[in-house]
Amino acid sequence: MKFQKPRGTKDILPKDIEHWHYVENTVREVNKLYNFSEIRTPTFESTDLFARGVGSDTDIVGKEMYTFLDKGGNSITLKPEMTAPVARAYLENSLMAESPVQKLYYISNMFRYEKPQLGRFREHTQFGAEILGSDSIESDVEIILLAEEIYKRCGIKNFSIKINSIGKIEERKNYIDTLKTYLKNNFESLSDDSKRRFETNPLRILDSKNEKDIRLTENAPKILDHLTPASKSRFEEVIDRLKYLGIDIEIDFRLVRGLDYYTDTTFEFISGDLGSHDAIGGGGRYDGLIETLGGKPTPGIGFASGLERVILVAEKNNFKFPEPENVILYFISLTPEAKNISLKLITGLRDSGISCEYDFLSRSFKAQMREANKLNSQYVYIIGEEEINKGAGLLKKMSDSSQSEVAFGDLLKSILKS
Ligand code: HAM
């Protein structure tokens with residue numbers, strides 16, 4: 001084969017598309033119930049948006065972006081995530097003037113140059129939601145409830161919700177100093193990756209998957225113990241509210257997330273069915289992001305989830321996706337004139353919402369019948385020489401093989417009646 005898709009990308013074929021449609025429709029339905037409106041942003045943005053918004057020391061910006069110079073010499077990046085683009089669009093279009101709280105959702109393709117493996121792609125599809133303009137406990141809860149509802153409707157069982165607070169930027173700075181002092185004593189025992197992160201992004205050492213790092217950080221100072229009373233009590237309020245609503249959560253001091261914009265609440269939805277990349281989704285607050293991008297201080301919170309991962313887990317959990325809708329009526333036309341009549345009838349039926357199919361290969365009666373069976377069509381309508389003379393075709397119901405003569409002009413009525 002001469003051409004192959006780029007590594008880490010995928011073709012979504014017709015046999016798989018129904019699962020995609022189901023998840024996408026569910027995302028839309030649930031967001032509608034929660035009164036979120038859809039936002040779409042460009043596939044690419046100026047590189048600087050992500051460098052500033054997500055942070056140049058993060059893996060995403062430092063290692064994973066698809067960045068290039070366009071013909072005008074501008075540095076462009078295919079979007080690796082949606083929070084910074086949504087924040088940019090919010091500012092550029094002054095959405096705050098329309099309503100002080102904006103509830104936005106998206107389904108869009110993301111690009112990250114990562115090592116492909118189960119549930120990890122170089123182009124993946126994210127759905128997610130953001131609330132801009134509120135720092136209330138309710139907004140934290142709303143986002144977590146929204147995500148949970150989508151997962152439940154996609155048949156995802158056995159997920160856990162991990163939650164943490166990484167405080168405000170100032171609190172985090174102080175904590176990072178304490179963490180570094182602790183890690184300094186054991187620097188040589190850290191993995192190479194963590195040694196590098198010690199300078200660039202020490203917080204991420206906490207969520208390293210390396211055994212040695214995990215053991216070393218087990219007794220490291222915890223960020224929750226370094227929050228101001230206000231941040232701590234905010235976090236406790238979020239936890240209490242979620243517990244009150246019966247949401248099972250697990251506080252995880254390692255949950256620092258990989259993007260620099262986070263403040264206070266961070267959370268992830270974890271599924272044991274995903275292997276080492278166990279997050280089906282994640283998010284948190286980002287109360288400083290809009291300001292970083294040049295706006296007035298504006299709080300925000302959101303989450304995003306990989307659609308591929310949701311489908312993967314749903315399939316592993318044997319979720320019964322709705323059966324695809326089949327062609328209702330297959331036309332078997334046996335002469336050129338029969339084809340003309342069929343086409344005319346088909347056009348009228350399709351206008352009335354009846355799905356129809358017919359033969360494109362001038363196949364024999366038998367072969368057309370086989371095709372109708374393969375398509376699982378509910379009816380076939382047969383038109384040959386004799387039927388043309390009578391002005392009526394033979395309508396056969398596939399489920400019980402019953403058949404009756406139905407005049408061309410009565411076909412729609414007859415289908416709608418049965
Ligand atoms: P993230 O954790 O980088 O967060 O990505 C969100 C989700 O996207 C992950 O939990 C995972 O399900 C999926 N995902 C990420 N990378 C890949 C990949 N290479 N292949 C397949 N799936 C992937 C964000 O992107 C934040 N913008 C989320 C957010 C929204 N925070 C606040 N608002």
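To be clear, the structure that these remarks concern was listed above.
In this report, the structure presented in the accompanying data block is examined. Remember, it's a predicted structure, so these values are computed and weren't measured experimentally. (Residues numbered from 1 in each chain as written. Predicted model: local features only at pLDDT ≥ 70, side-chain atom pairs only at ≥ 80, totals over all residues. Heavy atoms only, no water.)

## Section: the overall build of the protein chain
Selection criterion: By the criteria applied, helices consist of DSSP H or I runs no shorter than four residues and strands consist of E runs no shorter than two, each listed in order from the N terminus. Throughout, radius of gyration means the C-alpha value; the globule benchmark is 2.2 Å times the number of residues raised to the power 0.38. Buried means the residue's accessible area, taken with a 1.4 Å probe over protein chains only, is under 20% of the maximum for its type, while exposed means over 50%, and partly exposed covers the values in between. In what follows, a contact means two residues having at least one pair of non-hydrogen atoms within 4.5 Å. Per-residue and other accessible areas were derived by the Shrake-Rupley procedure at a 1.4 Å probe size, with only the shown protein chains allowed to occlude residues.
Helix and strand content of the protein chain: 16 helices and 16 strands. Here the C-alpha atoms of the protein chain give a radius of gyration of 28 Å, more than 25% beyond the 22 Å that 2.2 N^0.38 yields for 418 residues. Along the three orthogonal principal directions, the C-alpha set of the protein chain runs to about 95 × 50 × 45 Å. Relative to its 418 residues, the protein chain shows a buried fraction of 51%. Long-range pairs, those at least 24 residues apart, make up 69% of the contacts in the protein chain between residues at least 6 apart in sequence. With the model as given, the accessible surface of the protein chain reaches about 21,100 Å², and the carbon-plus-sulfur share is 50%.

## Thoughts on the site of the ligand
Formally: When at least one non-hydrogen atom of a residue lies within 4 Å of a molecule or strand, that residue is treated as near it. A 3.5 Å cut-off defines polar contacts: any pair of N or O atoms within that distance qualifies, except that in protein one atom must be a possible hydrogen donor and the other a possible acceptor, and neighbouring residues in sequence count only when both atoms are side-chain atoms. Note on residue classes: Ala, Val, Leu, Ile, Met, Phe, Trp, Tyr, Cys and Pro are nonpolar, Asp, Glu, Lys and Arg are charged, and everything else, Gly too, is polar.
In the region of the ligand, 28 residues are neighbours, and Glu81, Glu114, Phe121, Glu130 and Tyr262 sit closest. Here Phe121 contributes a backbone N or O atom positioned 2.8 Å from a nitrogen atom of the ligand. Summarising the interface, the protein chains cover 96% of the accessible area of the ligand, which totals 650 Å² for the free molecule. For the shell around the ligand, the secondary-structure elements that each account for two or more residues are β6 (123-132), β10 (279-285) and β11 (300-306). The greatest single-element share of the shell around the ligand, amounting to six residues, is contributed by β10. Taken together, the residues of the shell around the ligand sort by class into ten nonpolar, eleven polar and seven charged.

## So, the sheet that holds strand β16 (residues 403-407)
Cut-off, in case you're wondering: Strands were regarded as paired on the criterion that DSSP finds at least two bridges between them. Angles run from 0 to 180 degrees between N-to-C directions of axes, and those axes are lines fitted to C-alpha atoms, restricted for helices to the stretch in contact.
Across the sheet, which stays open at both edges, the five strands sit in the order β13-β12-β14-β15-β16 with mixed pairing between neighbours. The sheet is open, and its two edges are formed by β13 (356-358) and β16, each paired on a single side. Between one strand axis and the next, the sheet turns by 30° as a mean value, whatever way the strands run. In this structure, strand β15 (residues 392-397) lies alongside β16, joined through five bridges in antiparallel fashion. Residue pairing in the sheet places Lys396 in a bridge with Gln403 of β16. Those strands touched by helix α13 (residues 336-351) are β12 (329-333), β13 and β14 (379-383), and its axis lies near 165° from that of β12. Packed onto the sheet, helix α14 (residues 365-374) meets β12, β14 and β15 and runs at close to 175° relative to β12.

## Quick word on the pattern of salt bridges
Going by this rule: Salt bridge criterion: a side-chain nitrogen from Lys or Arg within 4 Å of a carboxyl oxygen from Asp or Glu.
One pass over the structure, following the stated rule, counts 31 salt bridges. Put simply, Lys168 and Asp264 hold a salt bridge, and the shortest N to O gap is 2.4 Å. Of this pair, Lys168 sits in the loop between β7 (159-165) and α7 (169-184) while Asp264 sits in strand β9 (residues 263-271), and the two are 96 residues apart along the sequence. Residue classification places Asp264 among the buried residues on the basis of a relative accessible area of 2%.

## Quick notes on the side chain of Ser208
As for its position among the elements, Ser208 is in the loop between α8 (192-200) and α9 (211-217). With a relative accessible area of 11%, Ser208 lands in the buried category. A distance of 2.7 Å separates polar atoms of two side chains, one belonging to Ser208 and the other to Asp213. The contacts of Ser208, once residues within four sequence positions are left out, are Ser194, Asp213 and Ile214.

## Description of the nonpolar core
For clarity, the cut-off: As used here, the term nonpolar core means buried Ala, Val, Leu, Ile, Met, Phe, Trp, Tyr and Cys residues forming a set that is joined through side-chain atoms within 4.5 Å.
Judged by nonpolar contacts, the single largest core of 84 residues is most densely connected at Val23, Phe127, Tyr151, Ile156, Ile163, Phe269 and Phe303. If you tally residues by element for this core, the top one is helix α6 (residues 137-153), at eight residues. The contact partners of Val23, leaving out residues within four places of it in the chain, are Phe127, Cys154, Leu307, Val310, Ile311 and Phe321. Among the nonpolar cores identified, the runner-up in size contains 19 residues, and Ile346, Leu349, Cys356 and Tyr381 belong to it.

## Brief notes about the packing of helix α1 (residues 14-33) against α6
The line we're drawing: Left-handed describes a crossing whose near helix is turned anticlockwise from the far helix through less than a right angle; right-handed describes the clockwise counterpart.
Following both chains from N to C, one finds α1 and α6 inclined at 145°, their axes separated by 10 Å at the closest point. For the element pair α1 and α6, the recorded crossing hand is right-handed. Contact residues: Tyr22, Thr26, Val27, Glu29, Val30, Asn31 and Leu33 in α1; Leu146, Glu149, Ile150 and Arg153 in α6.

## So, helix α10 (residues 229-244)
The cut-off we apply is this: Here, expected helix span is obtained from the residue count minus one, scaled by 1.5 Å. This arc is built from the directions going out from the helix axis to the C-beta atoms.
The end-to-end C-alpha distance of α10 is 22 Å, a good match for the 22 Å that 16 residues give at a rise of 1.5 Å each. For α10, the full list of buried residues reads Ser231, Arg234, Phe235, Val238, Ile239 and Leu242. Looking straight down α10, one finds its buried side chains confined to an arc of 135°; they lie on one side. α10 presents Pro229, Ala230, Asp240, Lys243 and Tyr244 as exposed residues on the side facing more than 90 degrees away from its buried surface. Against the buried residues of α10 lie α6, β7, α7, β8 (250-251), β9 and β10.

## A word on the packing of aromatic side chains
Aromatic ring pairs: the centre-centre distance and the angle between the two ring planes describe each pair. As a reminder, the rule being used: Within 6.5 Å between ring centres, the rings of Phe, Tyr and Trp (the latter by its six-membered ring) count as paired, and their orientation is classed by plane angle as stacked under 30 degrees, edge-to-face over 60, tilted in between.
Under the criterion given, the structure shown has 16 aromatic pairs. Seen from their ring centres, Phe127 and Phe303 are 6.1 Å apart, and the 75° between their planes marks the pair as edge-to-face. With Phe127 in strand β6 and Phe303 in strand β11, the pair connects residues that are 176 residues apart, well separated along the chain. With respect to burial, Phe127 and Phe303 carry one shared label: buried.

## Quick notes on the sheet that holds strand β2 (residues 44-46)
Pairing is antiparallel across the open sheet formed by three strands, whose spatial order is β2-β4-β3. Edge positions in the sheet fall to β2 and β3 (67-69), since each has one partner strand and no second. Across the sheet, the mean angle from the axis of one strand to that of its neighbour is 35°, orientation sign disregarded. Here β3 pairs with strand β4 (residues 75-78) via three bridges, running antiparallel. When the bridges of β4 are listed, Thr67 appears paired with Thr77. Sheet strands in contact with helix α2 (residues 47-55) are β2, β3 and β4, and its direction is about 75° off that of β2.

So far we have only geometry, and geometry alone does not tell us how the molecule works.
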